[in-house]
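Here is how the chains run, residue by residue.
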Amino acid sequence: MGRTKFFKQAPRDSRGTRLAIIRRFAIQQSEVDSLGVAMKGTAVHDRLSGMKTGETAAIISIAASQASAKRLADMGFVRGALVEMIRTGRPCLVRIGATCVGLGADHQRSILVLRT
Amino acid sequence: MSVALVGNPNTGKSTLFNALTGYRQRIGNYPGTTVERRAGFLRNVNGRAPIEVVDLPGAYSLAARAADEAIVLDVLLGRGGEDRRPDLIISVVDAANLGRNLFFCTQLLELGVPLVVAMNMMDLAESSGVRINAPALAEELGVLVVPVVATKQIGIDALEKAIIDSLDAPCSDHCPSFPVCVCAELDGLCHSLADGGAGEHHRASRIEAMQTLLDPGGYHESRLVKRCGRGLAEELAERRRRIVSAGESVAEVEARVRYAWIERVLPHVVTRVRPRRRSRSEVADRLLTHRVFGLAVFLLMMGMCFQSVYAWASPIMDAIDGAQKALGGFFTEVIPAGALQSLVVSGVVAGVGAVLAFLPQILILFLFLAILEDCGYMARTAFLLDRWMGLFGLNGKSFIPLLSSFACAVPGIMSTRSIEDRRDRFVTILIAPLMSCSARLPVYVLLIGAFIPATPLLGGLIGLQSATLIAMYFVGAAVAIPVALILKRTVLKGPAQSFLMELPTYKWPSPRIVLYRMYEQGKAFCVSAGTLIFAVAIVVWALGYYPHPAAIAQAHLVEREAAAQAGVSAEALNTRLAEIGRNEAGEYLRQSFLGRMGLWIEPAVKPLGWDWRIGTAAIASFPAREVVVATMGTIYNLGGEQDETSTGLRATLRGATWPDGRPVYNVAVALSIMVFFALCCQCGATLATIKREMHSWAWPVLTFTYMTVLAYVAALATYQIAIRLV
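Conventions used here
- Residues numbered from 1 in each chain as written.
- Chains lettered and ligands numbered in written order.
- Predicted model: local features only at pLDDT ≥ 70, side-chain atom pairs only at ≥ 80, totals over all residues.
- Helix = DSSP H or I, 4+ residues; strand = E, 2+ residues; numbered from the N terminus.
- Contact = placed C-beta atoms within 7 Å.
- Buried ≥ 20, exposed ≤ 12 C-beta atoms within 10 Å, placed from the backbone.
- Pairing = 2+ DSSP bridges.
- Right-handed = clockwise from strand over helix to strand, strands pointing away.
- Nonpolar A, V, L, I, M, F, W, Y, C, P; charged D, E, K, R; others polar.
- Axes fitted to C-alpha atoms, helices over the stretch in contact; angles between N-to-C directions.
- Domains from an automatic or database assignment.
- Core = buried A, V, L, I, M, F, W, Y, C linked by C-beta atoms within 7 Å.
- Parallel < 35°, antiparallel > 145°, perpendicular 65-115°, else oblique.
- Left-handed = near helix turned anticlockwise from the far one by under 90°.
- pLDDT = per-residue confidence, 0-100.

## Considerations on the overall build of chain A
A tally of regular secondary structure across chain A gives five helices and six strands. In chain A, the succession of α and β elements from N to C terminus is α-α-α-β-β-α-β-β-β-α-β. Counted over contacts in chain A with a minimum sequence separation of 6, partners at least 24 positions apart contribute 60%.

Here's what the structure looks like:
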């Protein structure tokens, strides 16, 4: 709960701070759950399919079947990871870490991100 | 002793394998080039017992989804008969992309097998502006880390030394720790697996249990449930429920824990010395993955490829034709007339030689495909064509096997192993033989060269001949669409899978690899010409030569004498004698076993515009399509239609006639033959590969049946339409 308070106190416009929080506590489920609640309130999260070319965003969660979620997670699409949209469309092209990955429509829709 | 090369796709495992063993194996810059286990021996072992090096397909995780990843697991976990567990794992990681690569590496660490990390592509990492501290990584992982540049043979000696030093080293116990709830369930599962007699109780069983528990519906689960019964499935479901109620996500927890560990370790290992710049690869992708320009570039490249296959190879082909004719003439003079002369001239020179004339085209085709594969463009084609593959009910990943099937369906079918969804994979396998492979090229080039005029189109940009060639390549692809859709709606029903594929960094194609690929294919083609095609040509020759009744010779001898006594001019006599000779040869052929069989099937092929010779040649080409060219060469040579003035088979075909003197071939017949060969499945190797990949004879039988029916119907339609138009 303390973390959530800290989050709420963070300046509204400094999304970098929020990202830092997500990245720092990526491992603790309860933290991110409360972040998720907070973020629904501030409506800053979006699907990866909604990103524009050149935008970078942090992954919040993956809402897919367990098989797809496992596949994406193993390839590096985990909570807190940053993705850059290189080319929008179906499939789109994103950069995650040092790799370019092509993502089909279903995968794009299933990845929830927080835009910077 | 054996060591296994394991790592993500495109990390240079095969290049490293070649460097370590001095063995050459096919390398491509797209995920899934290596789809099976390959072995060689370490070059320098300093007097130790030989160490076997096993090259494995790339994988992102121990949680297998695709058939090629299952191969990795079977080797690593020591399943499947002859494949013992390796004594050491060489974890190959891409230094330029350490974060993602270390995920798999940390999984491998827990297998309980000594491990060495080969950090490949150090040069690329440095040029992208990062410095990597290998000793720090070694410290964190608790194993030896050797920086290498496999393509430039840098660091190979150090890697060999590290392999030998680590063979007897204790296993590292550095690994990320999992949340308590996951560990508890894992311990419980390990116990019940050991009690339930799930088998071998080695250290790997814990990581195996983890993959079973955390990958619902995955390879491990289905395998263990098959062995231990439904009870295990219920236990797994119960344990997963407990993990979820403890607030963890079953599918993501492993990735999150491991990536968090990597995130902690990386700052100690990787230092950025220069800010990240947009790499040249990304700049190239701005154009090449563009929905319009990218597709235009792709089509342009394909067009150029086929145009050059036709244009560049023509002079070489003419030279080979000339050489073949000279050789035939030489043997006619050297060997006395009779069965042996006929065997050499009609069977070997006219048959096998006719096929060998197409070596230049095949080399050019492979040159193009090898360059595309090696530079990393193949993965882009998958990306570009993903939405078009949607028409097939498939995704872009199926495009690479289909594109490589344009060279040969056998490696194409094998590379479908990287397709995760079983149904998508099967559909791809079943339509792969419809792609026009290089074995069809001789048929196309022969008939186009003989019957399609070289009219320039589009202001000389492309010839009518090349355009026909391209059209033939399109026929197969166009027919594949409805076939795939029907398969996807009926026998292999399933939802379309979303595209997910890494696009590797572009690199300059290595001339060594490209030339080696051409050499390898050229050799395979010549070997098949020297063995299979040779054998078929001889069988066809024997069927076409025997029984060779003496009565025919006598009848024509009488005619010859009559002509000589008619008292005409010498010139007219020669013409008459040549005509009698042709008649005699034709009579022999009609009386032969082949001729009788041919006349029997003629009614079936007549609606396609074919005479019995074409029909026989088509049936004889069942083992391999290119045989048809050899068979036609032999049949026409035996039939005496390949006379002194004609150069090669093309001219012979132009001169071939029905018994009533009408020419057999015209544009409609040529098109009908080409369409038939574009769609038929006259290839024993493809059918055998389909059986091996799909584990049942039903599938190759289905493939052969549907393709043959399709080919016949399409050839019939082509002929009947074309004969009315032309």
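## With respect to the overall build of chain B
The secondary structure content of chain B amounts to 32 helices and eleven strands. Dimensions of chain B, computed from the C-alpha atoms along their principal axes, are close to 110 × 55 × 50 Å. For chain B, the share of sequence-separated contacts (at least 6 apart) that also reach a separation of at least 24 residues comes to 73%.

## Side note on the pairing of strand β5 (residues 115–120) of chain B
Residues and elements named next belong to chain B. Burial analysis of β5 places six of its six residues in the buried class, the great majority of the element. Here β5 shows a buried face lined by Leu-115, Val-117 and Met-119 and a second buried face lined by Val-116, Ala-118 and Asn-120. Inspection of the sheet shows strand β4 (residues 88–94) paired to β5 by six bridges, in the parallel sense. The partner of Ile-90 across the bridge, within β5, is Val-116. Each parallel crossover has a hand, and the one from β4 via helix α3 (residues 98–109) to β5 is right-handed. Across four bridges, β5 lies against strand β7 (residues 144–147) in parallel orientation. Its bridge partner lying in β7, Val-117 is registered against Val-145.

## Points about the interface of chain B and chain A
Taken together, the contacts link 37 residues of chain B with 33 residues of chain A. Counting only elements with at least two residues in the side of chain B that touches chain A, the list comes to α3, α11 (250–269), α12 (280–288), α17 (386–389) and β11 (500–503) of chain B. Tallying contributions element by element places α11 of chain B first for the side of chain B that touches chain A, with eight residues. Taken together, the residues of the side of chain B that touches chain A break down into 16 nonpolar, nine polar and twelve charged. Judged from the four bridges that link them, strand β5 (residues 99–103) of chain A and β11 of chain B form a sheet pairing that is antiparallel. The partner of Val-101 of chain A across the bridge, within β11 of chain B, is Glu-502 of chain B.

## What about the pairing of strand β3 (residues 82–87) of chain A?
Residues and elements named next belong to chain A. Bridge analysis of strand β2 (residues 56–62) against β3 gives three bridges, and the strand direction is antiparallel. Each residue of the ladder has a partner; that of Ala-58, found in β3, is Leu-82. In the sheet, β3 pairs with strand β4 (residues 92–96) via four bridges, with the strands oriented antiparallel. Note that in β4 the partner of Glu-84 across the bridge is Arg-95. Count of turn residues in the β3/β4 antiparallel hairpin: four residues, of which Gly-89 carries a positive phi of about 125°.

## Concerning helix α16 (residues 377–384) of chain B
Burial runs high along α16 of chain B: eight of the eight residues are buried. Among the residues making up α16 of chain B, those that are buried are Tyr-377, Met-378, Ala-379, Arg-380, Thr-381, Ala-382, Phe-383 and Leu-384 of chain B.

## As for the sheet that holds strand β1 (residues 2–7) of chain B
All names here are of chain B. One open sheet holds the six strands; their spatial order is β2-β3-β1-β4-β5-β7, and the pairing between them is mixed. What marks the edges here is a single partner per strand, and that holds for β2 (38–41) and β7. Mean inter-strand twist for the sheet, computed between neighbouring axes without regard to direction, equals 25°. In the packing of helix α5 (residues 134–141) onto the sheet, contacts are made with β5 and β7, and the angle to β7 comes to roughly 155°.

## Description of the domain arrangement of chain B
Here the domain parsing of chain B yields domain 1 (2–166), domain 2 (180–247), domain 3 (293–489) and domain 4 (549–587). For domain 1 of chain B and domain 3 of chain B, the distance between their C-alpha centroids amounts to 35 Å.

## Examining the environment of Arg-576 of chain B
Along the chain, the position of Arg-576 of chain B falls in helix α25 (residues 570–591). Distance from Arg-576 of chain B to Ala-563 of chain B, taken between C-alpha atoms, is 7.2 Å for residues 13 residues apart in sequence.

## Focus on the nonpolar core
Counting residues in each nonpolar core, the largest one holds 248 residues, and the members touching the most others are Ile-90, Val-116 and Met-674 of chain B. Residue contacts for Met-674 of chain B: discarding those within four places in its chain leaves Val-443, Tyr-444, Leu-447 and Met-472 of chain B.

## Examining the environment of Gly-218 of chain B
Residue and element names in this part refer to chain B. When you line up the elements, Gly-218 lands in the loop between α8 (204–214) and α9 (219–228). Remark: the alpha-carbon pair of Gly-218 and Leu-236, spanning 18 residues in sequence, is separated by 12 Å. Those residues in contact with Gly-218 that lie beyond four places of it in its chain are Ala-63, Ala-64, Arg-65 and Gln-211.

## Quick notes on helix α20 (residues 422–431) of chain B
Each α-helix winds once per 3.6 residues, and so residues spaced three or four apart point in a common direction. Here α20 of chain B lies mainly inside the structure; eight of its ten residues are buried. Here the buried face of α20 of chain B lies against α18 (399–404), α19 (409–414), α22 (464–489), α31 (684–694) and α32 (698–725) of chain B.

## Side note on unusual backbone geometry
Along the chain, Arg-90 of chain A connects to Pro-91 of chain A via a cis peptide bond; the corresponding omega equals 0°. Within the element layout of this structure, Pro-91 of chain A appears in the loop between β3 and β4. The backbone of Asn-10 of chain B sits at a positive phi, close to 60°, despite the residue not being glycine. Even without being a glycine, Met-121 of chain B presents a positive backbone phi close to 60°. Within the element layout of this structure, Met-121 of chain B appears in the loop between β5 and α4 (122–127).

## Regarding the packing of helix α14 (residues 339–356) of chain B against helix α23 (residues 511–545) of chain B
All names here are of chain B. Packing of α14 against α23 leaves a shortest axis separation of 9 Å and a crossing angle of 135°. Between α14 and α23, the angle is such that the two are oblique. Handedness of the α14/α23 crossing: right-handed. Residues Ala-339, Ser-342, Leu-343, Ser-346, Gly-347, Val-348, Gly-351, Val-352, Val-355 and Leu-356 of α14 touch α23, and the partners they reach there are Ala-529, Ile-533, Phe-534, Ala-537, Ile-538, Trp-541 and Tyr-545.

## Some points on the environment of Val-669 of chain B
Residues and elements named next belong to chain B. With respect to the helices and strands, the residue Val-669 is situated in helix α30 (residues 667–679). We classify Val-669 as buried; it has 25 C-beta atoms within 10 Å. In sequence terms Val-669 and Asp-611 are 58 residues apart; their C-alpha atoms lie 9.7 Å from each other. With residues near it in sequence (within four places) discarded, Val-669 still touches Gly-609, Trp-610, Val-664 and Tyr-719.

## Description of the confidence of the model for chain A
Residue and element names in this part refer to chain A. Averaged over chain A, the pLDDT score is 73; the fraction of residues at 70 or greater is 61%. Between the elements of chain A, mean pLDDT differs from a low of 41, seen in helix α1 (residues 2–9), to a high of 93, seen in β4. Predicted confidence for residues 1–15 stays below pLDDT 50, and this span has 15 contacts to residues more than four positions away or in other chains.

## Considering the confidence of the model for chain B
Confidence in the prediction for chain B averages 84 pLDDT; 94% of positions are at 70 or higher. On the interface metric, ipTM, the complex scores 0.77, and its pTM is 0.79.

## Digging into the packing of α31 of chain B against α32 of chain B
Residue and element names in this part refer to chain B. It is the contact of α31 with α32, at a shortest axis distance of 8 Å, that shows an interaxial angle of 140°. Considering the angle they form, α31 stands oblique to α32. Crossing geometry of α31 relative to α32 is assigned as right-handed. Where α31 abuts α32, its residues Leu-687, Ile-690, Lys-691 and Met-694 lie against Trp-699, Pro-700, Thr-703 and Phe-704. Broken down by class, the residue content of the contact of α31 with α32 amounts to six nonpolar, one polar and one charged.

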